[in-house]
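# Analysis of the macromolecular model
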Amino acid sequence: MSKVILSVLVSFVLTNSVAVFAGSALVTWQSPEDFTDAKTEYIDPNNEQLNLLFSRIEKHISRLAEMHLSEGSELQLTVKDYDMAGVLVSNTGMSGNSFERRVLPNEFPAMVIDFQWVDSEGRVLESGEDIRLEGRAIRTEGISRFPRVTRRDAYLTPEFNMLNRWFAEQFM
């Protein structure tokens, strides 16, 4: 019985396999010291929390490119401004400094970006300048087509939803 179930499962996986993509992304943060939410010297003087946030957003964009862009192509994205949803506040306690992000129901993230999508031969497939991305309260892009958000990155869900929606509208 278990062999039958296993063979049915294997044949299902083989017949319903999804196309494999392997695009890449290069994210550049243009003058991050001038971003709307970069001015938190009293909370994060070395911008450690902001840099961590940037690296997690970069990772999410890279995963989107790997999942949905054709092999050998690259998304070159420049973030010109970033306004996170909510505010970053310090939680100073016995264990040292930690940070908490407080988001009200009517606060959404926003970014201004430039992008180029180039193929493996360097030809520009699509491009855009000064595009303003804004978050929304309702998730409209669908869960199964996008990278899972880990518990560690749950505080970036508004940004990830915003990027997922833009990615779906632009490239899918």
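Described below are features of the structure shown in this document. (Residues numbered from 1 in each chain as written. Predicted model: local features only at pLDDT ≥ 70, side-chain atom pairs only at ≥ 80, totals over all residues. Heavy atoms only, no water.)

Bringing helix α3 (residues 157–171) into the picture now. The α-helix winds at 3.6 residues per turn, so residues separated by three or four positions along the chain end up facing the same way. For α3, built from 15 residues, the straight-helix expectation of 21 Å at 1.5 Å per residue is met to within 8% by its first-to-last C-alpha distance of 20 Å. Burial within α3 is extensive, with 11 of its 15 residues counted as buried. Taken together, the buried positions of α3 are Glu-159, Phe-160, Asn-161, Met-162, Leu-163, Asn-164, Arg-165, Trp-166, Phe-167, Ala-168 and Phe-171. (Helix = DSSP H or I, 4+ residues; strand = E, 2+ residues; numbered from the N terminus. Expected span 1.5 Å × (residues − 1). Buried < 20%, exposed > 50% of the residue type's maximum accessible area, 1.4 Å probe, protein only.)

On to the environment of Phe-146. Turning to its location among the elements, Phe-146 is positioned in the loop between β6 (124–134) and α3. Given a relative accessible area of 4%, Phe-146 falls into the buried group. Between the C-alpha atoms of Phe-146 and Arg-165, which are 19 residues apart in sequence, the distance is 9.7 Å.

Another point: unusual backbone geometry. Unlike most non-glycine residues, Ser-31 shows phi in positive territory, near 50°. Position of Ser-31 relative to the elements: it lies in the loop between β1 (24–29) and α2 (48–68). Not every positive phi belongs to a glycine, and Asp-130 is a case in point at roughly 50°. Along the chain, the position of Asp-130 falls in strand β6.

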